[in-house]
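# Coordinates in review
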Amino acid sequence: MRKRTTALLALAATAALTLSACSSADVGNQGGATTGTGTGGASGSIKIGVKFDQPGLGFQEGDKHTGFDVDVATYVAGKLGYSADKIQWVESPSAQREQMLQTGAVDMIFATYSITDERKKVVDFAGPYFVAGQDLLVAQDNTDITGPDSLEGKNLCSVTGSTSAQKIKDKYSKGVNLLERPGYAECVTALVAGQVDAVTTDDIILAGLAATPANKGKVKIVGAPFSTERYGVGLPKGSKDTCEKVNDAIKAMIDDGTWQELITKNTEGTGYTPNKDENPPAQDACA
């Protein structure tokens, strides 16, 4: 009798462990974070990828994270059931964003992440939540560079893994000399030092960099945007349910006036004005 009881107890324990394992796997396979749970499981936290070096968008100073992307991410996370203290901010360099989503290093990314057909092959996007335009940053006294067509033979800096520099080479100036750096701050440092003639990326990123105390008065935006960059929320492939929840949160943010408050808060004093024909944007249907 004792042997039979022991065997039954062992069987029950095995079944409980199996059920527990299945439950954990189900949460992990839902395609990203879900309201009140997230891929962090029982911890109740969510890992959000942002930039750490883009003033006004995603910037880290000590343990504080600021910027439009950070504020939008905080709002969306709140709508998904995560308070600000449950957010784990993870640095997401441009060249690593797809890999970070694919490996589970982050649950979602808010990092000036332009929605493109090529990227949609490997990750999903919610949004867009903002529409920017690619532009050029040059020295304050520069008069030669007036747009992408005037970059022939010039030294241009952009970030490894971004679409900005390649767009210049493909569509405008094949003779441009491209210098790639890990972050835009390094590109602006090279510009101020006279090592490059221009920096290219989205206008709202350039505005934040130009407005920093170290760069103010030394650089200027050309002011001739030549692309449409639709910022989306990066999600792991197969995240339709999460995508729809994020889109609902973005729409609520726009409808209740928070979107405009956050734009004003993070661009005031930079001289930057978002394109009013494109902003605030409508969200794409989730695939």
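This section reports on the structure supplied with the text. Predicted model only: the values in this text are computed from it and were never measured.

The next point concerns helix H8 (residues 240–255). For H8, which comprises 16 residues, the first-to-last C-alpha distance of 22 Å matches the rise-based estimate of 22 Å (1.5 Å per residue) to within 8%. Turning to H8, its buried residues are Thr242, Cys243, Val246, Asn247, Ala249, Ile250 and Met253. All buried residues of H8 lie within an arc of 160 degrees about the axis, which places them on one face of the element. Relative to its buried face, H8 has exposed residues pointing more than 90 degrees away, namely Asp241, Asp248 and Asp255. Where H8 is buried, its residues touch helix H2 (68–79), strand S6 (108–109), strand S7 (123–132), strand S13 (229–236) and helix H9 (258–267). Just beyond H8, the residue with positive phi is Gly257, at close to 90 degrees.

On to the sheet that holds strand S2 (residues 53–54), then. Strand order in the open sheet formed by three strands is S2-S3-S4, with antiparallel pairing between adjacent strands. Strands at the two margins of the open sheet, each flanked by one partner only, are S2 and strand S4 (64–66). In terms of strand pairing, strand S3 (residues 58–61) meets S4 through three bridges, oriented antiparallel. The residue of S4 that forms the bridge with Gln60 is His65.

With that out of the way, let us pick up the state of the cysteines. Counted by the stated rule, this structure contains two disulfides. The disulfide bridge from Cys157 ends at Cys187, spanning 2.1 Å between sulfur atoms. Taking the sign of the S-S torsion, -70 degrees for the link of Cys157 and Cys187, the bridge is left-handed. With Cys157 in strand S9 (residues 155–159) and Cys187 in helix H6 (residues 184–192), this residue pair connects regions lying 30 residues apart in the sequence. Accessibility assignment for this pair places Cys157 and Cys187 in one class, buried. A sulfur-sulfur separation of 2.0 Å characterises the disulfide bridge that pairs Cys243 with Cys286. Because the sign of the S-S torsion sets the handedness, a value of about -85 degrees for the bond joining Cys243 and Cys286 places this disulfide among the left-handed ones. With Cys243 in helix H8 and Cys286 in the segment after H9, this residue pair connects regions lying 43 residues apart in the sequence. Summarising the burial analysis for this pair, Cys243 and Cys286 share the class buried. When the cysteines engaged in disulfides are numbered in sequence order, the protein pairs them as 1-2, 3-4.

Conventions we followed
- Residues numbered from 1 in each chain as written.
- Predicted model: local features only at pLDDT ≥ 70, side-chain atom pairs only at ≥ 80, totals over all residues.
- Heavy atoms only, no water.
- Helix = DSSP H or I, 4+ residues; strand = E, 2+ residues; numbered from the N terminus.
- Expected span 1.5 Å × (residues − 1).
- Buried < 20%, exposed > 50% of the residue type's maximum accessible area, 1.4 Å probe, protein only.
- Arc of directions from axis to C-beta.
- Contact = heavy atoms within 4.5 Å.
- Pairing = 2+ DSSP bridges.
- Disulfide = S-S within 2.5 Å.

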